[in-house]
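Spelled out from the first residue to the last, the chains are:
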Amino acid sequence: MEENHRVCLLFNANKGYDRQIIVGIGEYLQLSHCKWELLIEEDFTSNLNRLSVGDVDGVIADFDNPENERFLDGLDAPVVGVGSSYENEEDYPASPYVGTDNRKIIEMAVNHLKSKGLERFAFYGIAPTPCNRWSQEREKAFISLMRDYGYQSNVFRGGSIIPVCWNHDMYRLSDWLQTLPKPIGIVAVTDSRARLLIQACEKLNILIPDQVSLIGIDNDELVNSLTSISLSSVGQGCKEMGYRAAKTLHNIIKSGQNTKTRKPVLVGPSRIYERQSTDYISTHDPHVIQALHYIRQRACTGIKVEQVLDFVGISRSNLETRFKKELNHSIHHQ
């Protein structure tokens, strides 16, 4: 019978990403029936000031937080890091590591927008800090992908959206949005950033998805509950990452061999969660765009054609002709 082992988890469960990784760790423990005494704070956050890892058999830690990596450097017990993928192999820690595949995440997001008929793309990221290297990697992946596809890349880095500088940062975001050619597809580095885009577009009367079609990353249910337009998103393979990290640590503990390596295990995204923010239909007729936007916003209220006509401000025959020319079907079909 396998003996009990003390394993420390260093994550901050106020982030949906970390929560799902912890869920994946739990799924491995349940399926493998290995006996771990988990050391994790009551609120599922990591406070290094109160932590002692001197008497543990292993650690699984969020290495997107550089403080965790520094804190665990030189620990005798095996450590498995979890975090971002990196373009430069030397950026990986010299320990077992499970990473989210940023290149594949961005590819999935851009290809989803491309499948809608969009031909112009932009990226909304975050100003670089030591704690958001993952954002910088996604930005680099986007620029590289645009180059490979033969498109121009348009990148905007937003600041830290906090109350003291909220207005300034939202004004900057609004200014950028107004400079973009329309229609355009925007990849937001996270769902939280995509939510800010939705708010800015609403203030500017920019139609989503008809003028700006946008997709986030994380499939965060909390964020989606706060948006007026349901948000399409790339689901990361976070549960799979947690599962693989736990399995890796379990195998190291069983073998007794704590191998140093810079060869990460990369986990690709799970799927696209397609919602209203990318429900784009390629058309250049402004009256058809207005009609489609009105229909989407009120589709569940039993609207009639007359209401659409009143909103657009043209005759029924005129709008019918435009629909058939642009979309090859009548407004009733929509």
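Residues numbered from 1 in each chain as written. Predicted model: local features only at pLDDT ≥ 70, side-chain atom pairs only at ≥ 80, totals over all residues. Heavy atoms only, no water.

(A) Helix 6 (residues 191-204), seen in detail. If you check helix 6, its first and last C-alpha atoms are 20 Å apart, about what 14 residues at 1.5 Å a residue would give, namely 20 Å. Among the residues of helix 6, those classed as buried are Asp-191, Arg-193, Ala-194, Leu-196, Leu-197, Ile-198, Ala-200 and Cys-201. One or two steps after helix 6, the chain reaches Asn-205, where phi turns positive at roughly 60°. (Helix = DSSP H or I, 4+ residues; strand = E, 2+ residues; numbered from the N terminus. Expected span 1.5 Å × (residues − 1). Buried < 20%, exposed > 50% of the residue type's maximum accessible area, 1.4 Å probe, protein only.)

(B) Seen up close, the packing of aromatic side chains. Enumeration according to the criterion identifies 9 aromatic pairs in this entry. Summarising the aromatic geometry, the rings of Phe-121 and Tyr-151 are spaced 5.1 Å apart at their centres and angled 70° between planes, so their arrangement reads as edge-to-face. Residue Phe-121 is found in strand 6 (residues 121-126), and its partner Tyr-151 is found in the loop between helix 4 (133-149) and strand 7 (154-158); the two are separated by 30 residues along the sequence. With relative accessibility at 3%, the residue Phe-121 sits in the buried group. By way of ring pairs, the aromatic residues Tyr-86, Tyr-92 and Tyr-97 are connected into one cluster. Above the ring of Tyr-149, the side-chain terminus of Lys-114 is found at 4.1 Å from the ring centroid. A cation over an aromatic ring shows up here: Arg-271 above the ring of Tyr-273, its NZ or CZ 4.0 Å from the ring centre. (Phe/Tyr/Trp six-rings, centres within 6.5 Å; stacked < 30°, edge-to-face > 60°. Lys NZ or Arg CZ within 6 Å of the ring centre and 35° of its normal.)

(C) Inspection of the pairing of strand 4 (residues 79-84) at higher detail. Of all 6 residues in strand 4, 6 are buried, a share of seventy percent or more. The handedness of the strand 3 (residues 58-62) to strand 4 crossover, carried by helix 2 (residues 66-72), is right-handed. Alignment of strand 4 against strand 5 (residues 97-100), held across 4 bridges, turns out to be parallel. The residue bridging Ser-84 from the neighbouring strand is Thr-100, located in strand 5. (Right-handed = clockwise from strand over helix to strand, strands pointing away. Pairing = 2+ DSSP bridges.)

(D) Local environment of the nonpolar core. Core analysis: the biggest nonpolar cluster contains 24 residues, and Phe-11, Ile-21, Ile-25, Trp-36, Ile-60 and Val-82 have the highest contact counts within it. Looking at this core, the elements that each hand over two or more residues are strand 1 (5-10), helix 1 (16-32), strand 4 and helix 8 (238-255). Element by element, the count of residues in this core is highest for helix 8, at 7 residues. In contact with Trp-36, other than residues within four places in its own chain, are His-5, Val-7, Leu-29, Ile-60, Ala-246, Leu-249, His-250 and Ile-253. One finds Ile-198, Cys-201, Ile-206 and Ile-229 within the second-largest nonpolar core, a separate group that totals 23 residues. (Core = buried A, V, L, I, M, F, W, Y, C linked by side-chain atoms within 4.5 Å. Contact = heavy atoms within 4.5 Å.)

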